[in-house]
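Descriptive structure summary
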Amino acid sequence: MATGPSITFLLRKLHQLTGIVPLGVFFLVHMFTNSKALNGEAAFEKAVQEIHDIPYLLFLEIFGIFIPLLFHSVYGIIISSESKTNVFRYGYARNWFYLFQRVTGGFLFVFILFHVLNLRFGLMPGLNMTPVAGNADLSYQIISAEFSIPWVMAIYILGIAATAWHLAYGVWLFAVDWGIVIGEKAQKYALYGCIAAAIGLFAIGANAAAAFVRPCGLLPQGLCEKPKVVTPAPPRRV
Amino acid sequence: MSSKGLKIAIVGGGLAGLAAAMKIAEAGHNVDLISVVPVKRSHSVCAQGGINGAVNTKGEGDSPAKHLDDTVYGGDFLANQPPVKRMTDMAPEIIYLFDRMGVPFSRTKEGLLDFRRFGGTLHHRTAFAGASTGQQLLYALDEQVRKYETLGTVTKYEGWEMLSLVLDDHQVCRGLIAMDLQSLELKAFKADAVIMATGGPGLIFGKSTNSMTCTGSAVSACYQHGARYANGEFIQVHPTSIPGEDKLRLMSESARGEGGRVWVPKNDGDKRDPKEIPEAERWYFLEEKYPAYGNLVPRDIATREIFQVCIDGHGVNSENQVYLDLTHIPAETLTRKLGAILEIYEMFVGDDPRHVPMRIFPGVHYSMGGLWVDFDQRTNIPGLLAAGECDYSIHGANRLGANSLVSCVYGGFVAAPAAIEYAANVERGETETNGIFDVELARQGELNQAVINSEGGENQYKLHEELGRVMTDNVTVVRYNDKLKATDDKLLELRERLKRISINDSNLWATQAIPHARQLGNMIELARVITLGALNRNESRGAHYKPEFPDRNDEEWLKTTIAEYADEAPVLSYKPVDVSLVEPRKRDYSKGKAKGN
Amino acid sequence: MGENGHNEKRRLNDPPRTFKLKIQRREKEGAPARWETFELPYRRNLNVISALMDVRKNPVTADGTQTTPPVWDMSCLEQVCGICTMVVDGRVRQSCSALIDDLLLASGSDTITLEPMSKFPNIRDLKVDRSKMFDHLKQVHAWIELDGSYNLGPGPQMSNEVAQDRYALSRCMTCGCCLEACPQYGDDKYIGPQAIAQARLFNIHPAGKMDIDERLAGLTGDDGIGNCGNAQNCVQVCPMNIPLTRAIYETNRDITVNTLFGWLKK
């Protein structure tokens, strides 16, 4: 009578998977790109330009990011809505983490919407109106201007923190949900690793954000490559 | 008559009931399984030690014949020997079957079943699964029966209590009436045969080591319908139990084995903290009376002495409890040797026995007596069978440790084919059975209504407490004829007062008041069987001890007590015991053999 | 209970003369819940069950109102049958092993609160219907398929280590603590840790293994194991200390290998 797995079951598995690949991987790449800001405007803009140069970019954006993101967030909201959280009765750490995964997920849904409108499309009323997409040469300035507004900066820092935690703990969840991490000890050490990863990701992401308002971010400037003397960027558009 | 699709009703879903259900379903017949609690919560879960079977895997030359000898010897030769032989012969098969069903028995280095030594034998004969063998065996049967439930051959009625049998004009059992404990709905269960597997009647003694479902009520109903009840007076009392406000919990005897000392304050009612009572003011009564063995006297002696000290008013705080003191042993040693059992004490009493002397008292544990059955588990009522603790057949005057589980399964395995055989051949006079169910339904409905209407101010729970107290004081460890007589008078008084109870629950949905009142009436009837059986038996044998008649008397009393219901008093008669296999000999554990569990 | 090792256990030094039992009452399923408080004389040995027995004997509330006796389930009173599970002072547990003394000491209050489990139909007062848990055992095929119960000799050989792992899982008494505490359980959308651990119990048995596909099928339905949220309350509240999360994650691995990638083996 063994029937195949149900749709719900497969959607859950897909939800777990999309969080890691492609979304987790995308976040790492994103933070890597952002961190180029540490080396100054030119380096960052070059990186943005390189992204622009990726072949099939739109295709990749739609199928590699947008659709997985939409699925992950909408299905995540469905999962969260089924939660009967009880942290006040059973205040164990992992029960709080369980709740926190849902809270960060909900926050990220709003944050990412804001972020994409704000920078990708430049459609956030009252804020920047120039999309970064297609304007690699302006990207640093756009972001720099946005991040100079304290509350916008605060939102981005929060967004980075939430993403770092959501992803790092999500990796732990993926590991147990797919039976990669099993025993109590393995669970514990894997969790330590993920917490360390969360902190590391947050530090990198926050520092990259800071780099848009202060050269080399929060680090001593000696650690970063000296910004090249600004050579007026010749438009290299083909 | 078709040999498939018979309907057998089984009352009770412990080991015996589930064993029978599995066999009947496997044979292709239908089972209605009626149980007051979900069957997985039956009292069998409480058995800790293990299950006996002479498999002889340790090269000790053990054999079913030796298991038979140990069992009938331990039972002081009151058991009919042929069924005991059949059980000990079947025991290894039973253990292997449970192994196949996936019971996580402890295993040897080679991955085979491990066996340990238990009370009353010199052989490694007891298979065990941690410290909860009964739970594990019950779960294995529960799982198998669940499979048949999914196939539709077994139908469970959990949360239903049997109230009465339905007999036809020829006194043939045609089914039973049971009550849904939520709605109080009464339902007639028509059956080609009925198997009783309802366990023991510990609640007659108020507090015992039994579960709160072990009222003996359904068995008492059968007895009141004319089923014979045998050897009722044989009630096993465990020497060391933990007295609780709600029940008694077993304390393993290994606490004494590891050096525990039993004492009471010399001054009766001494309210001081035990640790503040100086050595000189403690009465180590076992050490004083038995200088040679001290606290390690055999179990029955320990039981009697502790009991007597308390009955004489010397118990701690003048209550029924004595100290079992381990505090002179280093805490670390105790944790290493007795950790698990000390945790049980701590969990339920709240004191750490490493630092506070435990309070213990003998506790009613098991009924060797039960419904009379023949060698195929059939009662004297055609169509009614019995298996497990609720039948009398295996343990004689005293049960050996780890024999209860095997006897339950054995009973179920024998009852099942016997019930099928009976059911396949019974003549079904439909015209005769028409109407009898309605009559009995109406009668039971009236009895319930009588309880609801009854107004007299008596409190049913207080009556139960009184019942328990008088039975515990007079009909357990030490028995005197005058006190037994007085107990029966008290039982008659309770029976009268029960008619004048006012139930205190105006909400009849899922009420516990009405089922309890019905059970209490049945308990009192069974209490009379136990009490009068004890009064009549002027000897001491197994668990039955009378200081006025301290010796076993085979000439007059190597007989099975048979009680038959009559309104004024049970009618007692006696049947010779089949001792065709092992010649009765004096039971003496002081030399060589260890005392049973 | 033994977590304090052989340090002396703490008891109430200055016990009160009386304490209060605040009980959630419900006349029948679907009826509104209400609270009633009873005042009882303190005794050192009391557990929740014996306190309830006191109330049952004479159901008069603390303010002197005659009421109906509270209804609850109890059987073994040794924490092996699982029936007396309820929510005591906000935490799900067996009421037989809940000592009044410990509860008063832990809360520092003079009142103990009793509620029925919230994840199951509430029949009356503290009594709930957990039959769904038994249905879940059917769903996951929690048994070994025997050729027959007649004598076929001993079962398969296995190491004591496997036997002890199985014993740990097999101690589950279907009490429902794990489900009550699970933030994913309820609304029939998740089968819960109890059934998953029982499936595991048979999946690691040499003969039980043969039906692993059927058990995994029972766990990959709409209410399957994928709905576990890893809050891990189950393993915290399990009175039998069953390694529930390990059982879930081992089953996850089986599913990854058999269900998700099994087709690649063909």
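Residues numbered from 1 in each chain as written. Chains lettered and ligands numbered in written order. Predicted model: local features only at pLDDT ≥ 70, side-chain atom pairs only at ≥ 80, totals over all residues. Heavy atoms only, no water.

If you tally the helices and strands in chain B, you get 16 helices and 21 strands. Expected size for 597 residues packed as a compact globule is a radius of gyration near 25 Å; at 24 Å, chain B falls within 12% of this value. With the principal axes as the frame, chain B shows a C-alpha extent of 80 × 65 × 50 Å. The buried share among the 597 residues of chain B stands at 65%. The contacts of chain B with a sequence gap of at least 6 include a subset with a gap of at least 24, amounting to 72%. (Helix = DSSP H or I, 4+ residues; strand = E, 2+ residues; numbered from the N terminus. Rg over C-alpha atoms; globule rule 2.2 N^0.38 Å. Buried < 20%, exposed > 50% of the residue type's maximum accessible area, 1.4 Å probe, protein only. Contact = heavy atoms within 4.5 Å.)

Residue and element names in this part refer to chain B. Compared with the 27 Å implied by 1.5 Å per residue over 19 residues, the 28 Å span of helix α4 (residues 133–151) between its first and last C-alpha is a close match. Where burial is concerned, most of α4 is hidden: 17 out of the 19 residues are buried. Count one or two residues on from α4 and you reach G152, which has phi positive near 90°. (Expected span 1.5 Å × (residues − 1).)

On to unusual backbone geometry. Residue P22 of chain A is bonded to the preceding V21 of chain A through a cis peptide linkage, with omega at 10°. Assignment of secondary structure puts P22 of chain A in helix α1 (residues 7–35). Phi is positive for T174 of chain C, close to 55°, though the residue is something other than glycine. Note on placement: T174 of chain C falls in the loop between α4 (160–170) and α5 (177–181).

All names here are of chain B. With domains assigned, chain B is organised as domain 1 (240–363) and domain 2 (436–558). Measuring from the centre of the C-alpha atoms in domain 1 to the corresponding centre in domain 2 gives 30 Å. In this assembly, six residues from domain 1 lie in contact with nine residues from domain 2. Inspection of the region where domain 1 meets domain 2 yields zero salt bridges. Across the contact surface, domain 1 and domain 2 share zero residue pairs in polar contact (both at pLDDT 80 or more). Each residue belonging to the side of domain 1 that touches domain 2 can be placed in one class, and the counts come to two nonpolar, three polar and one charged. (Domains from an automatic or database assignment. Salt bridge = Lys/Arg side-chain N within 4 Å of Asp/Glu carboxyl O. Polar contact = N/O pair within 3.5 Å; in protein donor to acceptor, adjacent residues only side chain to side chain. Nonpolar A, V, L, I, M, F, W, Y, C, P; charged D, E, K, R; others polar.)

Let us look at the interface of chain B and chain C. On the chain C side, the residues contacting the 76 residues of chain B number 81 residues. Around 6,800 Å² of area is buried between chain B and chain C when both sides are counted, 51% of it from carbon and sulfur atoms. Summed over the three residues of chain B that lose the most area to chain C, namely R41, R100 and E245 of chain B, the buried surface amounts to 13% of that side. The salt bridge partner of K147 of chain B is E145 of chain C, with a shortest N-O separation of 3.6 Å. Counting every contact that joins chain B to chain C gives 43 residue pairs in polar contact (both at pLDDT 80 or more). (Buried area = accessible area lost by both parts, 1.4 Å probe.)

Residue and element names in this part refer to chain B. Pairing in this open sheet of six strands is antiparallel, and the strands run β13-β12-β17-β16-β14-β15 from one edge to the other. Of all the strands in the sheet, just β13 (248–250) and β15 (282–283) have a single pairing partner and so form its edges. Pairing of strand β16 (residues 322–325) with strand β17 (residues 358–367), which is carried by three bridges, proceeds in the antiparallel orientation. Paired with Y323 across the two strands is R359, which belongs to β17. (Pairing = 2+ DSSP bridges.)

The next thing to look at is the packing of helix α3 (residues 57–81) of chain A against helix α4 (residues 93–121) of chain A. The angle between the axes and the distance between the axes are what describe a pair of packed helices. Residues and elements named next belong to chain A. Where α3 contacts α4, the two axes come as close as 9 Å, and the packing angle between them is 145°. For the pair α3 and α4, the sense of crossing is left-handed. For the pair α3 and α4, the contacting residues are E61, L69, S73, I77, I79 and S80 in the first and R102, F109, I112 and R120 in the second. Of the residues assigned to the contact of α3 with α4, the class counts are five nonpolar, two polar and three charged. (Axes fitted to C-alpha atoms, helices over the stretch in contact; angles between N-to-C directions. Left-handed = near helix turned anticlockwise from the far one by under 90°.)

In this complex, chain A contributes 36 residues to the contact, which on the side of chain C involves 44 residues. Interface area for chain A against chain C, summed over the two sides, is near 3,200 Å², with a carbon-plus-sulfur share of 52%. Sorting the residues of chain A by area buried against chain C places K84, Y90 and Y92 of chain A first, and these three jointly supply 20% of that buried surface. Here chain A and chain C share two salt bridges between them. R89 of chain A is the salt-bridge partner of E115 of chain C, the closest N and O atoms lying 2.7 Å from each other. Put simply, chain A and chain C have 22 residue pairs in polar contact (both at pLDDT 80 or more) between them.

On to the packing of aromatic side chains, then. Applying the stated criterion across every chain yields a total of 29 aromatic pairs over all chains. Relative to F63 of chain A, the ring of F59 of chain A lies with its centre 4.9 Å away and its plane at 45°, an arrangement referred to as tilted. With a gap of four residues between them, F59 of chain A and F63 of chain A both fall in helix α3, about one helical turn apart. Taken as a pair, F59 of chain A and F63 of chain A share a single burial class, namely exposed. Seen from their ring centres, F147 of chain A and Y156 of chain A are 4.9 Å apart, and the 40° between their planes marks the pair as tilted. On the basis of relative accessibility, which here comes to 8%, the residue F147 of chain A falls in the buried class. Take Y156 of chain A: its relative accessible area is 3%, and that puts it in the buried class. Among the aromatic side chains, those forming a connected cluster through ring pairs are F44, F107, F111, F114, Y140, F147, Y156 and F212 of chain A. Above the ring of Y545 of chain B, the side-chain terminus of R304 of chain B is found at 4.0 Å from the ring centroid. (Phe/Tyr/Trp six-rings, centres within 6.5 Å; stacked < 30°, edge-to-face > 60°. Lys NZ or Arg CZ within 6 Å of the ring centre and 35° of its normal.)

All names here are of chain B. Pairing in this open sheet of three strands is antiparallel, and the strands run β7-β8-β9 from one edge to the other. Edge positions in the sheet fall to β7 (160–167) and β9 (186–190), since each has one partner strand and no second. With strand direction ignored, the average angle separating the axes of adjacent strands in the sheet is 25°. In this sheet, strand β8 (residues 173–180) lies alongside β7 in antiparallel orientation, the contact comprising seven bridges. The partner of L165 across the bridge, within β8, is L176.

Let us look at the pattern of salt bridges. All names here are of chain B. Counted according to the given criterion, the structure contains 70 salt bridges over all chains. Among the ionic pairs, K485 bridges to D489, the shortest N-O distance being 3.1 Å. With K485 and D489 both in helix α14 (residues 481–498) and four residues apart, this pair spans about one turn of that helix. Taking relative accessible area as the criterion, K485 reaches 40% and is therefore assigned partly exposed. R528 is paired through a salt bridge with D488; the nearest N and O atoms lie 2.8 Å apart. Separated by 40 residues along the polypeptide, R528 in helix α15 (residues 513–536) and D488 in helix α14 bring together distant segments of the chain.

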